[in-house]
Protein chains: 2
Amino acid sequence: MWLNDREARVWRAHLALHRDLQAVLERRLARDSGLSLADYALLVPLSESPDGLVRARDLATAVGWERSRLSHHLSRMESRALITRETCPDDARGAMVRLTPEGRAAITAAAPDHVATVRRTFLDPLTDADLAALDDIYSRLSAALAAEE
Amino acid sequence: MWLNDREARVWRAHLALHRDLQAVLERRLARDSGLSLADYALLVPLSESPDGLVRARDLATAVGWERSRLSHHLSRMESRALITRETCPDDARGAMVRLTPEGRAAITAAAPDHVATVRRTFLDPLTDADLAALDDIYSRLSAALAAEE
DNA sequence: CCAAGTTTGTTGATGTGTCATCATAAGGTG
DNA sequence: CACCTTATGATGACACATCAACAAACTTGG
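Everything numeric here is computed off the predicted structure, so don't read it as measured data. (Residues numbered from 1 in each chain as written. Chains lettered and ligands numbered in written order. Predicted model: local features only at pLDDT ≥ 70, side-chain atom pairs only at ≥ 80, totals over all residues. Heavy atoms only, no water.)

(A) How the structure looks around the interface of chain A and chain B. Chain A puts 54 residues into the contact, and the matching count from chain B is 55 residues. Taking both partners together, chain A and chain B bury about 5500 Å²; carbon and sulfur atoms supply 65% of that area. Across the salt bridge formed by Asp135(B) and Arg9(A), the nearest N and O atoms sit 2.5 Å from each other. Between chain A and chain B we count 24 residue pairs in polar contact (both at pLDDT 80 or more) in total. Among the secondary structure elements, those contributing two or more residues to the side of chain A that touches chain B are helix H1 (5-33), helix H2 (37-48), helix H5 (101-123) and helix H6 (128-147) of chain A. With 18 residues, the top contributor of residues to the side of chain A that touches chain B is H1(A). A breakdown of the residues in the side of chain A that touches chain B according to their chemical character gives 29 nonpolar, 7 polar and 18 charged. (Contact = heavy atoms within 4.5 Å. Buried area = accessible area lost by both parts, 1.4 Å probe. Salt bridge = Lys/Arg side-chain N within 4 Å of Asp/Glu carboxyl O. Polar contact = N/O pair within 3.5 Å; in protein donor to acceptor, adjacent residues only side chain to side chain. Helix = DSSP H or I, 4+ residues; strand = E, 2+ residues; numbered from the N terminus. Nonpolar A, V, L, I, M, F, W, Y, C, P; charged D, E, K, R; others polar.)

(B) The protein's contact with DNA strand C, seen in detail. Among the 21 residues in the neighbourhood of DNA strand C, the closest are listed as Ser68(A), Arg69(A), Arg57(B), Arg67(B) and Arg93(B). Of everything in DNA strand C that lies within 4 Å of the protein, sugar and phosphate atoms constitute 62%. Interatomic distance of 2.8 Å between a backbone N/O atom of Arg57(B) and a phosphate oxygen of DNA strand C. Side-chain polar atom of Ser71(B) to a phosphate oxygen of DNA strand C: 3.0 Å apart, as the coordinates give it. Contributions of two or more residues to the surface near DNA strand C are made by helix H4 (67-79) of chain A together with helix H3 (56-63) and helix H4 (67-79) of chain B. With 5 residues, H4(A) is the single largest residue contributor to the surface near DNA strand C. (Near = heavy atom within 4 Å.)

(C) View of the packing of aromatic side chains. Under the counting rule described, the total for this entry stands at 2 aromatic pairs over all chains. Aromatic pair Trp11(A) and Phe122(B): ring centres 5.0 Å apart, planes at 55°, arrangement tilted. Of the two residues, Trp11(A) sits in helix H1 while Phe122(B) sits in helix H5 (residues 101-123), which places them in two different chains. For Phe122(B), a relative accessible area of 1% gives the class buried. The ring of Trp65(A) has Arg69(A) lying over it, and the distance from NZ or CZ to the ring centre is 3.8 Å. (Phe/Tyr/Trp six-rings, centres within 6.5 Å; stacked < 30°, edge-to-face > 60°. Buried < 20%, exposed > 50% of the residue type's maximum accessible area, 1.4 Å probe, protein only. Lys NZ or Arg CZ within 6 Å of the ring centre and 35° of its normal.)

(D) A look at the UniProt feature "domain: HTH marR-type" (unreviewed entry) in chain A. Within the UniProt annotation, "domain: HTH marR-type" (unreviewed entry) is assigned to residues 7-143 of chain A. Secondary structure content for residues 7-143 of chain A is 72% helix and 9% strand, and the end C-alpha separation is 20 Å. (UniProt positions renumbered as here; feature names shortened; annotations may be inferred.)

(E) Inspection of the pairing of strand E3 (residues 95-99) of chain A at higher detail. Residue and element names in this part refer to chain A. Where strand E1 (residues 53-55) lies against E3, 3 bridges are found, and the strand directions are antiparallel. Bridged to Arg55 within E3 is Met96. For strand E2 (residues 83-87) and E3, the ladder comprises 5 bridges, and the chain directions are antiparallel. Opposite Ile83, over in E3, you have Leu99 as the bridge partner. (Pairing = 2+ DSSP bridges.)

(F) Molecular detail of the sheet that holds E1(A). All names here are of chain A. Spatial ordering of the open sheet is given by E1-E3-E2, a layout of 3 strands whose pairing is antiparallel. Looking at the sheet topology across the chains shown, the edges are occupied by E1 and E2. Strand-to-strand, the axes of this sheet are offset by a mean angle of 30°, without reference to chain direction. Docked against the sheet, helix H3 (residues 56-63) engages E1 and E3, running at close to 85° with respect to E1. (Axes fitted to C-alpha atoms, helices over the stretch in contact; angles between N-to-C directions.)

(G) How the structure looks around the sheet that holds strand E2 (residues 83-87) of chain B. Residue and element names in this part refer to chain B. The antiparallel open sheet is built from 3 strands, whose spatial order is E1-E3-E2. Every interior strand has two partners, whereas the edge strands, strand E1 (53-55) and E2, have only one. For this sheet, the mean angle separating the axes of adjacent strands, direction not counted, is 30°. Along the sheet face, helix H2 (residues 37-48) touches E1, E2 and strand E3 (95-99) and points at about 90° away from the line of E3. Each of E1 and E3 is contacted by H3, which is oriented at about 85° to E1, the strand it contacts most.

(H) Highlighting the protein's contact with DNA strand D. Close to DNA strand D lie 21 residues; Arg57(A), Arg67(A), His72(A), Ser68(B) and Arg69(B) are nearest. In DNA strand D, the atoms that sit within 4 Å of the protein are 65% sugar and phosphate, with bases accounting for the remainder. Within the side chain of Arg55(A), one N or O atom sits 3.1 Å away from a phosphate oxygen of DNA strand D. Arg85(A) is positioned such that a nitrogen or oxygen atom in its side chain is 3.0 Å from a phosphate oxygen of DNA strand D. For the surface near DNA strand D, the element with the most residues is H4(B), which contributes 5 residues. Grouping the amino acids of the surface near DNA strand D by side-chain chemistry returns 3 nonpolar, 7 polar and 11 charged.

This is the structure we're talking about:
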């Protein structure tokens, strides 16, 4: 029932690694570009979409957030003029989210440094074999997680 | 400079996996025992310490938190009678944190189910070779992260 | 010994995430 | 069509995390 030494070490390392990685990325991104990781996460799918226009529901799916969190965060981003909200033509319940020029400028300015930090802290220390192993492991873990509930 | 397909897939899988894993663990723990993951993280080192007594500074180090976060969270846990605060005999600045019987009962009741969930969602899908690979990878990544700043 | 610098813990303000709830609108079934 | 169920998004209350600032106590170099 309890974890053996290696299990406990790997599990704790997983938690600690993610905690510290998140903290470093968050700090650097905020310092360099005034964006949070949450802002960045939303700006990526928006900037990749034609006209920077995505339905809120689809944005929630893309980033894996609950609708409530998305709604609150969009309000904050709207007040900073990174996005605007429009009505959805197909579905009167829906809301469309549009990337503003300021929003596009923000992600364009932030991305290179952010990607570089991800490289330095995560990808560079990994060999090709590591990457292949992680690719396999993560796909199995996410399948196991999907089975939960 | 940009990530290739596999790099992007692994990086996004890493983020998504941790996000969803955290969400499942948080929900189950809260539902089954009324504790948050933050509560649990603090209760573990406290319950492992003789007399359930740990200096606040050392607790912060053990869980990797900033002092401010720890102080706020201890206040909330104190109001729920999970811990108490005492003066530190060696250092008049310090604060000692003591696990109450209620706190010990809470972690004792919560641990088996929580560990079982960690097994089901994280450890069970991994082979011995996976565990060995992760052990190695995580130690390299945490070294790289320590070099950052 | 003393002044300067550091460590420890707390606090209040602010930004953020979650939960329960709500209003509105779509979809499905009789 | 009417009815029930589901989906969508917003909101207010609350729990939580981060930041800057602070007070008190320890440490160190002169």
